[in-house]
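Below are the chains, spelled out letter by letter.
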Amino acid sequence: MNATPITINKKKVISVAVIAVLLVIILLNCFTVVEAGHTGVVVTLGRVNDNVLQEGIHVKIPFAQQVVKIDNRIVKLEVQTEAFSKDLQTVATTLAINYRVDTAKSYSIYKNIGADYESVLVAPAVNEVLKAITSRYTAEESVTNRELISDGLVEGLNQKLNETGLYVTDVNIINFDFSEAFINAIEEKQVAQQKLLKAETEKQTAITNAQAEAEATRIKAEGEAAANDKLNKSLTDKVIEYSKIEKWNGELPQVTGNSSSLINLE
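Per chain, residue numbering runs from 1 following the sequence as it is written. Per-residue local features of the predicted model are confined to residues with pLDDT of at least 70, and side-chain atom pairs are confined, for both listing and counting, to 80 or more; whole-chain, interface and lining totals are unaffected and use all residues. Based on all heavy atoms of the structure, the side-chain values leave hydrogens and waters out of the count.

Engineer: A description of the side chain of Ser 108 should follow, citing residues and the corresponding values.
Structural biologist: Mapping Ser 108 onto the fold places it in helix H2 (residues 106–112). Polar contact is the term for a pair of N or O atoms within 3.5 Å; when the atoms are in protein, one must be able to donate a hydrogen and the other to accept it, and sequence-neighboring residues count only if both atoms are side-chain atoms. Here Lys 105 takes part through its backbone oxygen, which lies 2.9 Å from a polar atom of the side chain of Ser 108. Residues are treated as being in contact if the distance between any of their heavy atoms lies within 4.5 Å. In contact with Ser 108, not counting residues within four places along its chain, are Ile 113 and Thr 164. Counting from the N terminus, the helices are DSSP H or I runs at least four residues long and the strands are E runs at least two residues long.

Engineer: Explain the sheet that holds strand S7 (residues 90–101) to me, using residue names and the numbers behind them.
Structural biologist: The strand order S6-S7-S8 describes an open sheet built from 3 strands, whose pairing is antiparallel. With partners counted over all chains shown, the strands left at the sheet margins are strand S6 (75–84) and strand S8 (166–177), one partner each. Sheet twist, expressed as the mean angle between neighbouring strand axes with direction ignored, is 25 degrees. Strands pair, by our definition, only if DSSP identifies at least two bridges between them. Both S6 and S7 contribute to a ladder of 10 bridges, which runs antiparallel. The axes are straight lines fitted to the C-alpha atoms, using for helices just the contacting stretch, and the angles between their N-to-C directions are given from 0 to 180°.

Engineer: Provide a residue-level description of helix H3 (residues 117–134), including the pertinent values.
Structural biologist: Here the expected span of a helix is defined as 1.5 Å times the quantity of residues minus one. Between its first and last C-alpha, H3 extends 25 Å over 18 residues, near the 26 Å set by a 1.5 Å rise per residue. For H3, the complete set of buried residues consists of Tyr 117, Val 122, Ala 123, Ala 125, Val 126, Val 129, Leu 130, Ile 133 and Thr 134. In this fold, the buried residues of H3 make contact with strand S5 (65–71), S6, S7, H2, helix H5 (146–161) and S8. Relative accessible area decides the class of each residue, using a 1.4 Å probe on protein chains only: under 20% of the type maximum gives buried, over 50% gives exposed, and in between gives partly exposed.

Engineer: Go over the sheet that holds strand S3 (residues 47–53), please, and point to the residues and values.
Structural biologist: Strand order across the open sheet formed by 3 strands is S3-S2-S5, with antiparallel pairing between neighbours. With one partner strand each, in any of the chains shown, S3 and S5 form the two edges of the open sheet. Going from strand to strand, the sheet's axes swing by 30 degrees on average, the running direction of each strand aside. Pairing analysis gives 4 bridges linking strand S2 (residues 38–44) to S3, with the strands arranged antiparallel. Following the sheet pairing, Val 41 is matched in S3 by Val 52.

Next comes the structure, spelled out in structure tokens:
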């Protein structure tokens, strides 16, 4: 029995639709888009090409080539790790590391390390460098030298990672954490220092007050001495006689006499 024209037309439509879908899939696989801030590592049948694709749209061999996108922007990695200080205290540290991938070495990083370079290379390097730097300081010094430790981490990490194409731009120490016994010891030390400072302040205040009082006494004595000296210099014979006259009440003495007799004038 012959197929009807309607059945033949349906088969043709389905065939055309399938072919069209396949063509669309093939066409889509001929192009790839590399987003801003990324590079594309081209892998042709399992082989990594030395050149990388920059931002934009690119043509590739469908199904034979794969483009792996590498983020070249600054990426933040948070790491929590423990290390021993110079005085053998356990220091638990939380770090935030900002790093980026060199665009020119995106292909070598993917070829030699893979896409998981952060956990394979960056995190272990952070642990290693942090332990080396932490061992240079006591636990208490770690707190007061956060900036030095951060700078040392940036320098140490770049020495280890730059050759592979990874660059650390900044390291922030989010937190230092110590054992409870060490924290209690630090608190006791701070209390003792505060008491000593208070005692020294009170002692210095007492000395200052005593010195001020002695100085005031000295100034007063010098002032009185100067006044007396000025007064003595101003007491001439005429001034003394005048003072006597000012004080005389006009009456003659009641008793007169010499060494041999006394005469009562009353």
